[in-house]
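Observations on chain architecture
In case you want the letters, here they are:
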Amino acid sequence: MELINTDVAIIGAGGAGLRAAIALAEADPTLRIALISKVYPMRSHTCAAEGGAAGVIKSDDSLDMHFDDTVGGGDWLSDQDCVEYFVKEAPKELTQLEHWGCPWNRETDGSVAVRPFGGMQKQRTWFAADKSGFHILHTLFQTTLQYPSITRFDEYYALDLLVDEGRCQGLTAMEMRSGMIKQFNAKAVIIAGGGAGRIFPFTTNGAIKTGDGMAMAYRAGVPLKDMEFVQYHPTGLPNTGSLLTEACRGEGGVLVNKDGRRYLQDYGMGPETPLGKPQLKTMELGPRDRVSQAYWHELQKGNTVSTQWGECVMLDMRHLGEKCINERLPLVRELAIAYLGVDIVKDPVPIRPVVHYMMGGISTDMQAATPLPGLFAAGECACVSLNGANRLGSNSLVELLVFGKSAALSAIKHIQALPAANVANAAALAARAGESQARIRALFSRTDGTESMSGLRKEMMDTMEKNVGIYRNEAGLQEAVDKIAALRLRYQNVVVNDKSNVFNTDLFQVLELGCMLDCAEALTVGALARKESRGAHQRLDFVQRDDASYMRHSMVYYQGLNAPRLDYLDVVITKSPPGVRDYSGDHK
Ligand SMILES: Cc1cc2nc3c(=O)[nH]c(=O)nc-3n(C[C@H](O)[C@H](O)[C@H](O)COP(=O)(O)OP(=O)(O)OC[C@H]3O[C@@H](n4cnc5c(N)ncnc54)[C@H](O)[C@@H]3O)c2cc1C
């Protein structure tokens, strides 16, 4: 097996991975950095982000207000020391992107423009039309190109972490072009592998978002935190699940039911505001969990619109006018025409809630360190406890930057304190890599498998959709826990049909399914045990938030094929005691 020696290996070249790489290269030009990604960096999901990135910049705004919005939006499950750090760093990171060339939209006086976003009481979302993620990722990617110390391993599929002497010291990865497995020895590893929305059938997430990074850490003994909190975005196209950004509503778009009523006023998010004048933090600019839940109630009441793509509500943007739509929402117009044949300039567009984002992930502290020494994580795969029970739109892109950088700086600190490498350790790492290779070979060469990848995957997705959606209950969650456990057992008999070595997508999909099943296990077990309703986790049988019992993070530990171990961790409260989430318009 080829051995590649590096100082820091980064798994993932999306926003978080690229930001970490730049911070490493800037802080110490002598560090060798391996940037490993299963797709070409610009194809990472960050590229698909539309609406923008939040950071306080206007004079009527303050860090305290961004803090309050984030903590309240997260239903008091965020660690508040983490949120304080985040809101302080956010404007610095966004300004840094500006200096690296990110083409933010401008006000007429030339200053950076911001737009309203859900759950935010002030306008603070920086944007580049509705292609913000594309421009951010491009800016980061082109910046990495100037550092010779960053070596890219594009189209390498990371498999297993190498752990010895109680430290993470590298990983194995398969070169997808050749099928060869390589051993990466690294003094520190940063996981920036993105989310896991693909465990659900109807999602905005790209096909690569299969939770590989989360599963790698989980199997290595690192707990997955708060996995039961799954964000539904209120406005997805009903057939493909493609996202219509929250910026549609930020710019003034409204949601109406079959009677043309702006129904959000019936769910504590009123009062109705005049068209074209979005009221911050209320109505269509309420937080995503509440707006998605309101859709569910409209569906139960029979107030939705029956379309050829199923039950929907309508997103009406006609009053914005063609000029505004073309300047600020060109991609949204393009998507609705391409996939539904609806021109948003002329007609309302049918939409429904769609799985969008994982609040939970690899447990890290505020410095992006996991409990496993030498292993760091940032971005959507990580749970640094910024987003709590419900992320506010436009906080994630900034999270990638703030904590991608933290992960890099923490990795450097870790490396500086390491003992000298020794021969026995090198042999142990080679042995671990050998075990990883044997695992893949056994899976690949098995001929007596009875289970198909696509069959298992479908059953997993169907279970998640049926039982772990916007509203949940005991019986459904128990069914999901049992089903996922059974599927994990049946996965031991999965067969890889394609036996070739070159870009064997069959093999990668089997590996991704294994990762998704592990993530689904942690998610369902956490959800069943959380007998309360908080943020995106809503239980029909426990409708109240229960701070006495559950203002705690769920921590799920891997136990092989046995049921995982569940533990809890206290939430850090610094200055905002748990309160009532008010989106009624009375809070001003
Ligand atoms: C359609 C859409 C729109 C969004 N809009 C916004 C928005 O406007 N504002 C906002 O704040 N947030 C938005 N989000 C959320 C935000 O974009 C994501 O949470 C964020 O971009 C994730 O970035 P990341 O760096 O963590 O991971 P990603 O960008 O998903 O990158 C993951 C990386 O990991 C690599 N990887 C994964 N597994 C492996 C493996 N096994 N081996 C090797 N490499 C691997 C991939 O190749 C990729 O490079 C949006 C999300 C979606 C889906």
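Residues numbered from 1 in each chain as written. Predicted model: local features only at pLDDT ≥ 70, side-chain atom pairs only at ≥ 80, totals over all residues. Heavy atoms only, no water.

Within this structure, the stated rule accounts for eleven aromatic pairs. With a centroid separation of 6.3 Å and an interplanar angle of 80 degrees, the aromatic rings of Tyr-156 and Phe-184 are classed as edge-to-face. You can see Tyr-156 sitting in strand β8 (residues 156-164) and its partner Phe-184 sitting in strand β10 (residues 180-185), a full 28 residues away along the chain. Exposure remark for Phe-184: the relative accessible area of 0% places this residue in the buried category. Between the aromatic rings of Tyr-263 and Tyr-267, the centroid separation amounts to 6.5 Å while the plane-to-plane angle is 80 degrees, which identifies the pairing as edge-to-face. The exposure classification of Tyr-263 matches that of Tyr-267, with both residues buried. Among the aromatic side chains, those forming a connected cluster through ring pairs are Phe-153, Tyr-156 and Phe-184. For the cation-ring pair, Arg-115 lies above Phe-127, with the distance from its terminal atom to the ring centre recorded as 3.9 Å. (Phe/Tyr/Trp six-rings, centres within 6.5 Å; stacked < 30°, edge-to-face > 60°. Helix = DSSP H or I, 4+ residues; strand = E, 2+ residues; numbered from the N terminus. Buried < 20%, exposed > 50% of the residue type's maximum accessible area, 1.4 Å probe, protein only. Lys NZ or Arg CZ within 6 Å of the ring centre and 35° of its normal.)

Moving on, we come to the sheet that holds strand β20 (residues 382-383). The strands that make up a sheet pair up through hydrogen bonds in the backbone, lying either parallel or antiparallel. Reading across from one edge, β20-β18-β12-β23-β24 is the order of the five strands in this open sheet, with mixed pairing throughout. Across the chains shown, the open sheet's two edge strands, defined by having one partner strand only, are β20 and β24 (565-570). Of the pairings in the sheet, the one linking strand β18 (residues 361-363) to β20 comprises two bridges and is parallel in character. Looking at β20, one finds that Ile-362 is bridged to Ala-382. (Pairing = 2+ DSSP bridges.)

To continue, consider the sheet that holds strand β3 (residues 33-37). A sheet is described by the order of its strands in space; here five strands give the open sequence β7-β3-β2-β11-β19, paired in parallel fashion. Each end of this open sheet is capped by a strand with a single partner; those strands are β7 (150-154) and β19 (375-377). The mean inter-strand angle of the sheet, taken between neighbouring strand axes irrespective of direction, is 20 degrees. Bridging between strand β2 (residues 8-11) and β3 involves four bridges; their strand directions are parallel. Residue pairing for β3: Val-8 is matched across the bridge by Ile-33. (Axes fitted to C-alpha atoms, helices over the stretch in contact; angles between N-to-C directions.)

A few words on the site of the ligand. The ligand sits among 37 residues. The nearest are Ser-37, Ser-44, His-45, Thr-46 and Glu-380. Within the contact set of the ligand, a nitrogen atom lies 3.0 Å away from a backbone nitrogen or oxygen of Lys-38. In this structure, Asp-212 approaches the ligand through a side-chain N or O atom, which is 2.8 Å from a nitrogen atom. Protein coverage of the free-state accessible area of the ligand, which is 1000 Å², stands at 98%. Mapped onto the shell around the ligand, the elements with two or more residues apiece are α1 (15-27), β3, β8, β17 (349-358) and α10 (396-416). (Near = heavy atom within 4 Å. Polar contact = N/O pair within 3.5 Å; in protein donor to acceptor, adjacent residues only side chain to side chain. Areas by Shrake-Rupley, 256 points an atom, 1.4 Å probe, with all protein chains shown as cover.)

This paragraph deals with helix α3 (residues 80-100). An α-helical turn contains 3.6 residues, so any two residues separated by three or four positions project in the same direction. For α3, which comprises 21 residues, the first-to-last C-alpha distance of 30 Å matches the rise-based estimate of 30 Å (1.5 Å per residue) to within 8%. A maximum bend of about 35 degrees is found in α3 at Glu-89, where proline Pro-91 lies one to four positions downstream. Listed as buried for α3 are Gln-80, Cys-82, Val-83, Phe-86, Val-87, Glu-89, Ala-90, Pro-91, Glu-93, Leu-94, Leu-97 and Trp-100. Phi turns positive, to about 115 degrees, at Gly-101, one or two residues after α3. (Expected span 1.5 Å × (residues − 1). Bend = angle between axes of the 7 residues up to and from the residue.)

Okay, the nonpolar core next. Ranked by size, the top nonpolar core spans 77 residues in total, and within it Leu-171, Val-189, Ile-191 and Met-460 carry the most contacts. With 15 residues, the single largest contributor to this core is helix α14 (residues 505-529). Shared between two domains, this core holds at least three residues of each, these being domain 1 (2-106 + 123-231 + 357-424) and domain 3 (427-570). Core analysis: the next-biggest nonpolar cluster, separate from the first, contains 66 residues, Leu-18, Ile-190, Met-359 and Leu-400 among them. (Core = buried A, V, L, I, M, F, W, Y, C linked by side-chain atoms within 4.5 Å. Domains from an automatic or database assignment.)

With five of its six residues buried, β10 lies for the most part within the structure. Pairing of strand β1 (residues 2-5) with β10, which is carried by four bridges, proceeds in the parallel orientation. Along β10, the bridge assignment pairs Glu-2 with Lys-182. Note that strand β9 (residues 167-175) and β10 share six bridges and pair antiparallel. Bridge pairing links Gly-170 to Asn-185 in β10. The hairpin formed by β9 and β10 contains four residues between the paired strands, and Gly-179 there has a positive phi angle of roughly 80 degrees.

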